[in-house]
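Below are the chains, spelled out letter by letter.
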Amino acid sequence: MADQQARTSSGDKRPSDIPAIRWEEPPEGPVLALLDQTRLPAEEVELVCTDAAALVEAIRSLAVRGAPLLGIAGAYGVALAAARGFDVIEAARALEEARPTAVNLSVGVRRAEAAYQAALARTGDPTAGAMAALAAARALHQEDAEASARMAAHGLALLDELLPGGGHRILTHCNTGALVSGGEGTAFAVALAAHRAGRLRRLWVDETRPLLQGARLTAYEAARNGMAYSLLTDNAAGSLFAAGEVDAVLIGADRIAADGSVANKVGSYPLAVLARYHHVPFIVVAPVTTVDLDTPDGASIEVEQRPGFEVTEVMAPQVPVAGPGGGLPVAPLGTQAYNPAFDVTPPELVTAIVTEGGAASPVTAESLAELCTKSRQVTTT
């Protein structure tokens, strides 16, 4: 079950001060509180989940989203099911299936589930299992925050190497900031580090169709951090490249295959093609948990298909005229829509993949495997 409650915030409050996810233990029992990202930037509302089923719905509706945060949410979801006395295995499978492309979700779920099962086998006590699952979720949360800081440092160093002199004009896609992370994000964290170092000239923000995560969320975070940014429609990126206004593209990832193919929010692949044509670095920033060495290549990545109404309608709850999906229709009733959530960029179009352990460049199966080993060593030390 999920409840919503409004939260007031001061105008100078930064996104890093607004937890995208938090575990709470009120007298009536543990809950998972989420900042409902579907309501941003108009209002900050918390979605309070009391069971895994509510969290599954929050994940599917994109109230909580972004690869690293989905991993954290999945782990907490297992802990919530265990603490509330639900079937942990059933809850874990439902959580894993909520978003098939984002590998972090299954990584987080399985980590907490393994901790639960190990404690249960050792003690025979479901309470001990629940405590172990919660400890695993909290550890993952902390590790992601630390990984975010290291990715920002590695990414900024790479930018300075590729583009000496500063004054970076960075184009980004979708949302990769504090709203998707236990820390300050992935690709956005690199841009934020450049801003703080005085080396960001302009952040170009793709609006990111059809759900406008760039316009609603990345612009929200950029504004609150005092960054110089401009919003553009996705199909305006080409003219921006042609005008010589982009120095680098920074994006996140939802799954990276063993060969270096990158699945990210739909619209990423065209940016990679444009970047290659215009000789602009195309950089992917993601934690090592996003790399799935069990997925051999891009063709093996399952791409989530979203409902057609996300394309045929604009979500505008204040407007009384609503379509089947609850939004304002912008296409004739019955229009069929093609709405993949992600596209896949082949490794030959990726300049570098940055994780908490450093950067892989050129991107090959060998360089990526070596980087994963290095990143995991960093995490465990």
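Look up: the structure comes first, before these words.
Let us look at the structure shown here. (Residues numbered from 1 in each chain as written. Predicted model: local features only at pLDDT ≥ 70, side-chain atom pairs only at ≥ 80, totals over all residues. Heavy atoms only, no water.)

So, about the overall build of the protein chain. Assigned secondary structure in the protein chain consists of 11 helices and 17 strands. For 381 residues, the compact-globule estimate of 2.2 N^0.38 gives 21 Å, and the C-alpha radius of gyration of the protein chain, at 20 Å, lies within 12% of that figure. In terms of overall dimensions, the protein chain has C-alpha extents of about 65 × 55 × 40 Å along its principal axes. Among the 381 residues that make up the protein chain, the fraction classed as buried is 55%. A separation threshold of at least 6 residues defines the contact pool for the protein chain, and within that pool the share at least 24 residues apart is 73%. By element, 54% of the accessible surface of the protein chain is carried by carbon and sulfur atoms, the whole surface being about 15600 Å². If the 29 positive side-chain charges of the protein chain are averaged to one point and the 44 negative ones to another, these points end up 4 Å apart. (Helix = DSSP H or I, 4+ residues; strand = E, 2+ residues; numbered from the N terminus. Rg over C-alpha atoms; globule rule 2.2 N^0.38 Å. Buried < 20%, exposed > 50% of the residue type's maximum accessible area, 1.4 Å probe, protein only. Contact = heavy atoms within 4.5 Å. Areas by Shrake-Rupley, 256 points an atom, 1.4 Å probe, with all protein chains shown as cover. Lys, Arg positive; Asp, Glu negative; His and termini not counted. Charge placed at Lys NZ, Arg CZ, Asp CG, Glu CD.)

A word on the sheet that holds strand 6 (residues 200-206). Read across the sheet, seven strands follow the order 7-6-5-8-11-16-17 without closing on themselves; strand pairing throughout is mixed. Across the chains shown, the open sheet's two edge strands, defined by having one partner strand only, are strand 7 (229-232) and strand 17 (358-360). Each strand of the sheet is rotated relative to its neighbour by a mean of 25°, with strand direction disregarded. Against the sheet, helix 6 (residues 187-196) engages strand 5 (168-172), strand 6, strand 8 (248-251) and strand 11 (282-285), with an angle of about 155° to strand 6. (Pairing = 2+ DSSP bridges. Axes fitted to C-alpha atoms, helices over the stretch in contact; angles between N-to-C directions.)

As defined by bridge partners, strand 6 adjoins strand 7 across four bridges and the pair is classed as parallel. The residue of strand 7 that forms the bridge with Leu-203 is Tyr-229.

This part covers the pattern of salt bridges. Evaluation of the coordinates by the stated rule reveals 17 salt bridges. Ionic pairing is found between Arg-110 and Glu-96, a salt bridge with its closest N-O pair at 2.6 Å. You can see Arg-110 sitting in helix 4 (residues 103-123) and its partner Glu-96 sitting in helix 3 (residues 88-96), a full 14 residues away along the chain. For the salt bridge of Arg-169 with Glu-245, the shortest nitrogen-to-oxygen distance reads 3.4 Å. Linking Arg-169 in strand 5 with Glu-245 in the loop between helix 8 (237-242) and strand 8, this pair joins segments that are 76 residues apart in sequence. You can call Arg-169 buried: its relative accessible area is 13%. In this structure Glu-245 comes out as partly exposed when scored by relative accessible area, which is 27%. (Salt bridge = Lys/Arg side-chain N within 4 Å of Asp/Glu carboxyl O.)

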